[in-house]
Amino acid sequence: MVDQVSVGLLGLGTVGSGVVRMIEGNREELQHRVGCPVNIEKILVQNTEKERLVAIKNDWLTQEPHEVLENPDIQVVIEVMGGIDLAREYITLALQNKKHVITANKDLMALHGTELLQIAQENECDLFYEASVAGGIPIIRSLVDGLASDRITKMMGIVNGTTNYILTKMDKQQRHYEEVLKEAQSLGYAEADPTSDVEGIDAARKMAILSTLGFSMHIHLDDVQVTGISSVTQEDLEYARQFGYTLKLIGNAKKDNGKVEISVEPTLLPDSHPLASVQNEYNAVYVYGESVGETMFFGPGAGQLPTATSVVSDLVAVVKNMRLGVNGKNAVAPQFDKQLKQPEEIDGKFFYRLHIKDEAGAFSAITSLFALHEISLEKLIQSPVGKKGVAEVVIVTHGTNKAQDNHVYNLLRDSDVVQEIKSHYRVEGA
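Before going into details, it helps to say that this report is about the structure given with it. (Residues numbered from 1 in each chain as written. Predicted model: local features only at pLDDT ≥ 70, side-chain atom pairs only at ≥ 80, totals over all residues. Heavy atoms only, no water.)

Turning next to the packing of helix α7 (residues 161-173) against helix α8 (residues 177-186). At a minimum axis separation of 9 Å, α7 and α8 run at an interaxial angle of 130°. Relative to α8, the element α7 lies oblique. The interaxial crossing formed by α7 with α8 has right-handed handedness. On α8, the residues that touch Tyr165, Ile166, Lys169 and Met170 of α7 are Tyr177, Val180, Leu181, Glu183 and Ala184. Residues that form the contact of α7 with α8 fall into these classes: seven nonpolar, no polar and two charged. (Axes fitted to C-alpha atoms, helices over the stretch in contact; angles between N-to-C directions. Helix = DSSP H or I, 4+ residues; strand = E, 2+ residues; numbered from the N terminus. Parallel < 35°, antiparallel > 145°, perpendicular 65-115°, else oblique. Left-handed = near helix turned anticlockwise from the far one by under 90°. Contact = heavy atoms within 4.5 Å. Nonpolar A, V, L, I, M, F, W, Y, C, P; charged D, E, K, R; others polar.)

Put into structure tokens, the structure is as follows:
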């Protein structure tokens, strides 16, 4: 029987400080839940003299990785240092030294999660990573445990708080992208280099993790089709409102007949859809199961204490497994071989905003192009744009498939009457 558990941390930044604060501040509650004391033994940092955001003991800090990774007194290692290569090396060493590992590192798990989980299983260790997706929302544990008896067919999510904050402010306050991005950076919601967030890469990594778990097949980051929000304009948001939609950056994963599609892209949601009301930095994941039907998980997607909550929840699970003697038994290899849908198997509706020549026959040529490829139009607006000889046409199609849509997009781009395709987005049905 385990009498006490000692923890080593890799990193003491924002999330690491939150983890320390929760372990120390909730010491009695933790002991009650797991049945033994949980203590911090060592914390790996770059600078031991740096002023910290949380109270710590002087003998906790070290600049030597081996004092955490090879310390015989440490049973659990918590990785909150970020990055990929060094974190991968440290986690591998920790697992090989028979230490259980908890990580909040979505980049690492999206790229090397399968490999690290295999190493964990070989060493009879736990490797938990709840905080790597959607911050304080317990979506991974819900998929692995709560919905384990069901067959997941679809997951839709707002899984990046930065982009949701930007789109919310653009939509509700009629402000431009560049202005809101600067505000998000000043508030700490966006990094100095926001590329990973605004171009959808961060969300794509999270959707790769969720899809691997939800569909029980190895999904790689390269399997996710990604489009970011940097080209979204006020005009797009205005037309979305006019048509009864809200524009969000949506991670979409769907499985039909053993084949999957995974994407991250700006998507028009009906105003009645539950995800349409998720605002600012909040995240939400909508899950469809064959038996349970529709469920939604909502909460803060980032931040010191929400993320630390998920990390410490994983710590509780690890310690409970230790006391039961079942560590390393939870990992299950994906059941199915990966099969990705081809474009003709991906259904959807689509939004177009076109600038066309304002001349006789131009409008008819556009609508005929859609009709020729058997794509009917659900909504259509034509209006002047203030430039001589140019008209704006906005279209929402009825359901079609991605192959047909791609074909029509290319024909419109090359058409003599189309000056520019200003916007092109997916539309989610009601």
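Back to the text.
Moving on: the side chain of Thr397. Within the element layout of this structure, Thr397 appears in strand β15 (residues 390-397). With residues up to four places along the chain from it excluded, the contact list for Thr397 reads Lys349, Phe350, Tyr352, Phe370, Ile375, Ser376, Leu377 and Glu378.

Glancing now at unusual backbone geometry. At Ser216, a residue that is not glycine, the phi angle is positive and equals roughly 55°. Among the secondary structure elements, Ser216 is positioned in the loop between α10 (201-215) and β8 (225-226). Although it is not a glycine, Glu374 adopts a positive phi angle of roughly 60°. In this fold, Glu374 is placed in the loop between α13 (362-372) and β14 (377-384). The exposure class of Glu374 is exposed, given its relative accessible area of 72%. (Buried < 20%, exposed > 50% of the residue type's maximum accessible area, 1.4 Å probe, protein only.)

Attention shifts here to the packing of aromatic side chains. The tally for this structure, following the rule as stated, stands at six aromatic pairs. Considering the side-chain rings of Phe351 and Tyr425, the 5.8 Å spacing of their centres and the 25° angle between planes classify their relative orientation as stacked. Placement of Phe351 in strand β13 (residues 347-357) and of Tyr425 in strand β17 (residues 418-427) is noted, with a sequence separation of 74 residues between them. Judged by relative accessible area, Phe351 falls into the buried class, the value being 0%. Aromatic pair Tyr352 and Tyr409: ring centres 6.4 Å apart, planes at 35°, arrangement tilted. Taken as a pair, Tyr352 in strand β13 and Tyr409 in helix α14 (residues 402-414) lie far apart in primary sequence, 57 residues in all. Judged by its relative accessible area of 26%, Tyr409 is partly exposed. Members of the aromatic cluster, connected to one another through ring pairs, are Tyr352, Phe370 and Tyr409. Here the basic side chain of Lys154 rests over the ring of Tyr288, its NZ or CZ set 5.4 Å away from the ring centre. Its end group placed over the ring of Phe336, Lys255 keeps NZ or CZ at 4.0 Å from the ring centre. (Phe/Tyr/Trp six-rings, centres within 6.5 Å; stacked < 30°, edge-to-face > 60°. Lys NZ or Arg CZ within 6 Å of the ring centre and 35° of its normal.)

Next up on the list: the sheet that holds strand β6 (residues 127-128). Taken in spatial order, the six strands line up as β3-β2-β1-β4-β5-β6 in an open sheet, and their pairing is parallel. Of all strands in the sheet, those bounded by a partner on one side alone are β3 (61-62) and β6. Where strand β4 (residues 76-79) meets strand β5 (residues 100-103), four bridges bridge the pair, whose relative direction is parallel. Bridged to Glu79 within β5 is Thr103. (Pairing = 2+ DSSP bridges.)

On the surface, a nonpolar cluster with roughly 280 Å² of combined accessible area is contributed by Tyr282, Met296 and Phe298. Examined against the element boundaries, Tyr282 turns out to sit in strand β11 (residues 282-289). (Patch = residues over 30% accessible without salt bridge, like charges linked within 9 Å, V, L, I, M, F, W, Y side chains within 5 Å. Areas by Shrake-Rupley, 256 points an atom, 1.4 Å probe, with all protein chains shown as cover. Salt bridge = Lys/Arg side-chain N within 4 Å of Asp/Glu carboxyl O.)

What follows concerns the side chain of Lys248. Among the secondary structure elements, Lys248 is positioned in strand β9 (residues 245-256). Here Lys248 occupies a buried position and makes no salt bridge, while the nearest side chain of opposite charge, Asp171, is found at 6.5 Å. (Lys, Arg positive; Asp, Glu negative; His and termini not counted.)

Summarising the element assignment, Lys422 is placed in strand β17. Assessed through its relative accessible area of 32%, Lys422 is described here as partly exposed. Between the alpha carbons of Lys422 and Thr233 there is a distance of 9.4 Å; along the sequence they are 189 residues apart. Sequence-distant contacts of Lys422, defined by excluding residues within four places in its chain, comprise Arg353 and His355.

Now for helix α1 (residues 14-25). Under the 1.5 Å per step criterion, the end-to-end length of α1 is 16 Å for 12 residues, consistent within 8% with the ideal 16 Å. Every buried residue belonging to α1 is among Gly16, Ser17, Gly18, Val19, Val20, Met22 and Ile23, and all of these are buried. Residues of α1 that are buried sit in contact with β1 (5-10), α2 (27-34), β2 (38-44), β4 and α12 (304-324). (Expected span 1.5 Å × (residues − 1).)

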